[in-house]
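Architecture at a glance
The primary structure of each chain is shown beneath.
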Amino acid sequence: MDRQLLEKNARELVSPGKGILAADESNGTMSNRLESVGIEPSAEARRSYRANLFSSEGYESAISGVILFDETIRQCMDDGKPIVQELSERGILPGIKVDTGAKELANYEGEKITEGLDGLRERCAEYFAIGARFAKWRAVIRIGNGMPSSACLSTNAHALARYSAICQEQGLVPIIEPEVLMDGDHDASVCFDVTASILDLTFAECDNQGVHIPGALLKPNMIIAGKDCKDQISREEVARMTVECLTNHVPHDLPGIVFLSGGQSDEDATAHLDLMNKMAMEHPWQLSYSYGRALQADALRKWSEDSEDPHQASSSAFLHRAKMNSLARSGEWNKSLEG
Ligand code: 13P
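Read on for an overview of the structure. (Residues numbered from 1 in each chain as written. Predicted model: local features only at pLDDT ≥ 70, side-chain atom pairs only at ≥ 80, totals over all residues. Heavy atoms only, no water.)

1. Quick notes on helix α6 (residues 120-130)
Applied cut-off: Only protein chains enter the accessibility calculation, which uses a 1.4 Å probe; a residue is then buried when its area is under 20% of its type maximum, exposed when over 50%, and partly exposed in between. Helix and strand definitions here come from DSSP, where helices need a minimum of 4 consecutive H or I residues and strands a minimum of 2 consecutive E residues; each element is numbered from the N-terminal end. Regarding the arc, it is the one traced by the directions from the helix axis to the C-beta atoms. Any pair of residues with heavy atoms lying within 4.5 Å of one another is described as a contacting pair.
All buried positions along α6 are accounted for by L120, C124 and Y127. In an axial view of α6, the angular spread of the buried residues amounts to 65 degrees, which keeps them on one side of the axis. Pointing more than 90 degrees away from the buried face of α6 are the exposed residues E122 and A129. Elements in contact with the buried residues of α6: α4 (70-73), β3 (93-97), β6 (134-141) and α7 (150-169).

So this is what it looks like as structure tokens:
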């Protein structure tokens, strides 16, 4: 394991003012998103929309890394230049989603286990050769009706650690993503407890399997009440409870935490991150973003709208959200900047 390379790239991904763009939607998910705005999905439609994002002017000041899907890491920009080369020339690290999706967990109806360990070593070696320098694996934890089971938590924690160890062996910084979903009517304290459990189990497995924590990043949910819960907490409470949970359940030698947005509104995702970075409470890691929807939702809408220049409109929407989150990542955002 090249510890120095892993640590350098992990730190680079959370360098000041920067965060990650998650553009690794699977073909199925990206096709659904395109269809939802009235665009016929195809490999070319997915390429064209993403190539436009990746050609946006100056986004490298807010984006340190882009997570790609297997199809995209092999595609080219409009001028024929490989996407990986375009990103690298801008000083952006290319990343790759390496799990093969969350599948039904046998014996536990409604719960999921993320698959993709078979052949992972060989796939990581190929992605490294193509130019990827970090990877992502997403575990999905659902709350409600006896869920999560201890089987769901322990199997996903074990898989996250196995994935991390293989990535590091192959020179890729693993982004460890145990996502506790916002679906349900549970309150924020339940989200806190479930998040604490999956973090404890995941880092215990990482320790057991020799994962080098200074060469990894964590991509967690924030502590939020379920979407259908009547008792929603304030933005300040989300920030406070999230930092408290992470402080007590994440190793302090991890270089950075890059949140997922998970279905929060664009502005909530930005405001929560900003409040965490404004807090007087000291935390040992960089707190940044690895947003998918919260960076892209408006850009996708603009891409589909009947305007004079959808390329420019989509780029501008993406650049705006990238700028807002870059400020939030340093605790320098405020609502008036949203225009
Ligand atoms: P969202 O920010 O849309 O939750 O996506 C982040 C991600 O990469 C989920 O795996």
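Now that the structure has been shown, we can carry on.
2. Digging into the pairing of strand β2 (residues 63-68)
Here is the rule we go by: DSSP bridges decide pairing: two strands pair if at least two such bridges lie between them.
Counting buried residues along β2, 6 of its 6 residues qualify, which places the element largely inside the surrounding structure. Pairing of strand β1 (residues 19-22) with β2 involves 4 bridges; the strand directions are parallel. Its bridge partner being in β2, A22 is matched across the sheet by I67. Pairing analysis gives 4 bridges linking β2 to β3, with the strands arranged parallel. Looking across to β3, one finds that V66 is bridged to P94.

3. A closer look at the site of the ligand
As a reminder, the rule being used: For this purpose, a residue is taken to be near a molecule or strand whenever a single non-hydrogen atom of the residue falls within 4 Å of it. What qualifies as a polar contact is a pair of N or O atoms within 3.5 Å, subject to a donor-acceptor requirement within protein and to the restriction that residues adjacent in sequence count only when both atoms come from side chains. All accessibility values rest on the Shrake-Rupley procedure with a 1.4 Å probe; residue burial counts only the protein chains present in the view. Residues are grouped as follows: Ala, Val, Leu, Ile, Met, Phe, Trp, Tyr, Cys and Pro are nonpolar; Asp, Glu, Lys and Arg are charged; every other residue, Gly included, is polar.
Close contacts around the ligand come from 13 residues, with K136, K219, S261, G262 and R293 the closest. K136 has a polar side-chain atom sitting 2.5 Å from an oxygen atom of the ligand. Measuring from an oxygen atom of the ligand, one finds a side-chain N or O atom of E177 at 2.9 Å. Relative to its free-state accessible area of 300 Å², the ligand is covered by the protein chains to the extent of 92%. Grouping the constituent residues of the shell around the ligand by class yields 3 nonpolar, 4 polar and 6 charged.

4. What to know about the sheet that holds strand β9 (residues 256-259)
Taking strand neighbours around the barrel as the criterion, the 8 strands line up as β1-β2-β3-β6-β7-β8-β9-β10 in a closed arrangement whose pairing is parallel. Here strand β8 (residues 217-218) runs beside β9; their pairing, made up of 2 bridges, is parallel. Across the sheet, the residue bridging to L217 is G256, located in β9.

5. Comments concerning the side chain of E86
Tracing the backbone through its elements, the reader meets E86 in helix α5 (residues 83-89). Owing to a relative accessible area of 10%, E86 belongs among the buried residues under this scheme. Not counting residues within four places of it along the chain, the set of residues in contact with E86 comprises F54, M77 and K81.

6. A short note on unusual backbone geometry
Cis geometry is found at the peptide bond from M147 to P148, where omega equals 0 degrees. Within the secondary structure layout, P148 lies in the loop between β6 and α7. Of note in the backbone geometry, N107 takes a positive phi value of approximately 80 degrees without being a glycine. Residue placement: N107 occurs in the loop between β4 (102-104) and β5 (112-114). On the basis of relative accessibility, which here comes to 77%, the residue N107 falls in the exposed class. For N145, which is not a glycine, the phi torsion comes out positive at approximately 50 degrees. Tracing the sequence through the fold places N145 in the loop between β6 and α7. What makes N145 exposed here is its relative accessible area of 82%.

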